[in-house]
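# Fold and contact review
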Amino acid sequence: MATSQVEGLTPEQLAFFNENGYLLIPDALSQDTVKQLLKDTDSMLDNFSLDDHPMTKFSTGGDDGKDHVGDAYFLESGDKVRYFFEEDAFDTSGKLTKPKNRAINKIGHYLHELSPSFRSISLSDRNAAIARSLGFQDPRVLQSMVICKQPEIGGAVPPHQDSTFLYTDPPTAVGYWYALEDATAENGCLSFAAGSQRRAPIRKRFVRTGKKGEEGTGFIDNEGPQFPQSHPGSNGDTKEEDEVYTMGEVKAGTLVLIHGNILHKSEKNVSGKSRFIYTFHVIDGAEKYDERNWLQPPTQGFSKLYS
Ligand SMILES: O=C(O)CCC(=O)C(=O)O
């Protein structure tokens, strides 16, 4: 993919990202592109079948993450398009309380290859140029999702660091997060502990557990490097609960870049408005991808952002 003529980040944008651990880039997608992506999302939500669906919910497992989603439907989703329900989309007897297109929390994790419209906005020259600016040697897109945060029942995402889930040695993950609808405090926009990527180590790792046929997921202590080589942390003594979060309200079409060490979160959506977004994550293929990670590469390897 030729990328030389496409601009990456400006020096000011890069300085902001390095200082704060996130960056908002308004109008990264045209409103026509946003409309097309929403149309394709609606079509996926209308057309997936409930007949053979295990009704897997997307659960982050509460404060300790003990019951994080981890069934076979989830673990085998790395090269498929699968549908995970909002936790609050069911009544106490387990019956759906919403139509299926208003009950899905997220669609994942291979839209960047299997959906032509999401592929073209993911594996683009512009995103390759951004990855170059961020210092990637061999950027690989390894997972993608539409997160719906449905009206009234949209699940909260507790504070976390993406490199916990997508660990390389040393950490290299960066999230590309596109608003497909306006994201506001009301419908559960992201918020960021600005600068925490410089002080918050990757202490835990989210891995596959159990033997064949009984696989699940869990958290283990990270015994490898806790900060990226290019971005060494100051110390590991800071307390995550003392972090102060800045709201990231954005308009549809905005791209948000998220450092793999930054603590970030989003609140529950109890408003009447959905908050659809598309996100994919990139790791550096030049570093060791850990074989215990929940997500393992498809036979052809993770998708190259540039060659
Ligand atoms: O969109 C959200 O609410 C959370 C997304 C997120 O935290 C992530 O992709 O790392």
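The present account deals with the structure reproduced in this document. None of these values were measured; they are calculated from a predicted model. Counting starts from 1 at the beginning of each chain's written sequence and moves along it residue by residue. Only residues with pLDDT of 70 or above have their local features reported here, since the model is predicted, and side-chain atom pairs are shown and tallied only from 80 upward, although totals for entire chains, interfaces and linings are computed over all residues. Where side-chain values are given, they derive from all heavy atoms of the structure, hydrogens and water being excluded.

## Some remarks on the site of the ligand
Surveying the vicinity of the ligand reveals the residues I147, K149, V157, H160, D162, W177, L190, H264, S266, R275 and H281. Each polar contact in these results corresponds to two N or O atoms within 3.5 Å; when the atoms are within protein, one needs to be able to donate a hydrogen and the other to accept it, and residues that are neighboring in sequence are counted only if both atoms are side-chain atoms. In the environment of the ligand, an oxygen atom lies 3.0 Å from a nitrogen or oxygen atom belonging to the side chain of H160. Contact between the ligand and S266: an oxygen atom at 2.6 Å from a side-chain N or O atom of the residue. Per the convention used, a helix needs a DSSP run of H or I reaching at least four residues, while a strand needs a run of E reaching at least two, with both numbered from the N terminus. Of all the secondary-structure elements, those providing two or more residues to the shell around the ligand are strand 5 (157–160) and strand 13 (264–266). Only Asp, Glu, Lys and Arg are considered charged in this grouping, and only Ala, Val, Leu, Ile, Met, Phe, Trp, Tyr, Cys and Pro are considered nonpolar; every other residue, Gly among them, is considered polar. Looking at the shell around the ligand residue by residue, the classes come out as 4 nonpolar, 4 polar and 3 charged. Being near a molecule or strand, for a residue, comes down to having at least one heavy atom within 4 Å of it.

## Focus: the sheet that holds strand 11 (residues 246–248)
The pairing criterion for strands is at least two bridges between them, as found by DSSP. On the basis of which strands lie adjacent, the open sheet formed by 4 strands has the order 5-13-8-11 and antiparallel pairing. The sheet is open, and its two edges are formed by strand 5 and strand 11, each paired on a single side. Between one strand and the next, the sheet's axes are offset by a mean angle of 25°, whatever the strand orientation. Bridging between strand 8 (residues 190–192) and strand 11 involves 3 bridges; their strand directions are antiparallel. Within strand 11, the residue paired with F192 across the bridge is T246. Angular values range over 0 to 180 degrees, each being the angle between N-to-C directions of two axes fitted as lines to C-alpha atoms, with helices fitted over their stretch in contact.

## Topic: the layout of surface pockets
Taken as a whole, the second largest pocket holds about 400 Å³ of empty space. Around the second largest pocket, the lining comprises 23 residues; the ones closest to its centre are L134, G135, T172, P228 and S230. The element that contributes the greatest number of residues to the lining of the second largest pocket is helix 1 (residues 11–20), accounting for 3 residues. For the lining of the second largest pocket, a count of residues per class yields 9 nonpolar, 12 polar and 2 charged. With a 1 Å grid spanning the protein atoms alone, the term cavity applies to any set of points in which a 1.4 Å probe fits but cannot get out, the term pocket to an open set with protein on both sides within 12 Å along at least five of seven lines, and the term lining residue to any residue with an atom within 4 Å of a point. Grid points are joined across faces, edges and corners, and a volume is the space filled by probe spheres set on the points.

## A short note on the side chain of R140
You can see R140 is positioned in strand 4 (residues 139–147). A distance of 3.0 Å separates a polar atom in the side chain of R140 from a polar atom in the side chain of D138. For this analysis, residues touch if any pair of their heavy atoms sits within 4.5 Å. Residues within four places of R140 in sequence aside, it is in contact with H281, V282, I283, G285, F302, S303 and K304.

## Quick look at the nonpolar core
Among the nonpolar cores identified, the biggest contains 60 residues, and F118, Y176, L257 and Y278 are the most heavily contacted of them. Looking at this core, the element that brings in the most residues is helix 2 (residues 31–47), giving 5 residues. Among residues more than four places away in sequence, those in contact with F118 are L37, T41, M44, L111, V146, L180 and Y278. In this structure, C189, L190, F192 and I277 belong to the second largest nonpolar core, which totals 14 residues. Within this scheme, the nonpolar core is defined by two criteria: the residues are buried Ala, Val, Leu, Ile, Met, Phe, Trp, Tyr or Cys, and they are joined through side-chain atoms within 4.5 Å. Partly exposed residues are those whose accessible area sits between 20% and 50% of the maximum for their type, while under 20% is buried and over 50% is exposed, using a 1.4 Å probe and protein chains only.

## Observations concerning the packing of aromatic side chains
Pairs were defined over the aromatic rings of Phe, Tyr and Trp, the Trp ring being its six-membered one, requiring ring centres within 6.5 Å. Orientation was assigned from the angle between planes: stacked under 30 degrees, edge-to-face over 60, tilted for the rest. Per the counting criterion, the structure on display carries 17 aromatic pairs. Between F85 and F90, the ring centres sit 5.5 Å apart and the planes meet at 65°, which makes this aromatic pair edge-to-face. With respect to class, F85 is no different from F90; both count as buried. With 5.2 Å between their ring centres and 50° between their planes, F165 and F206 make a pair best called tilted. Of the two residues, F165 is situated in helix 7 (residues 162–165) and F206 in strand 9 (residues 204–209); the sequence distance between them amounts to 41 residues. Note on F165: relative accessible area 18%, which makes it buried. Among the aromatic side chains, those forming a connected cluster through ring pairs are F118, Y176, Y178, Y278 and F280. Seen from the ring of F90, K57 lies directly overhead, with NZ or CZ sitting 5.0 Å from the centre. Whether a charge sits over a ring depends on NZ of Lys or CZ of Arg being within 6 Å of the ring centre and within 35 degrees of the ring normal.

## Concerning the environment of K35
For K35, the position within the fold is in helix 2. Along the sequence, K35 and G216 sit 181 residues apart, while their C-alpha atoms lie 37 Å from each other.

## A word on unusual backbone geometry
For the bond from G108 to H109, the omega torsion is 5°, close enough to zero to count as cis. Within the secondary structure, H109 is located in strand 3 (residues 104–109). A cis amide bond links D169 with the next residue in sequence, P170, at an omega value of 0°. Of note, P170 is situated in the loop between strand 6 (168–169) and strand 7 (174–179). In this structure, M55 is a non-glycine residue whose phi angle is positive, near 60°. For M55, a relative accessible area of 28% gives the class partly exposed. Backbone geometry at K149 places phi at a positive 35°, although glycine is not the residue there. Residue classification places K149 among the buried residues on the basis of a relative accessible area of 1%.

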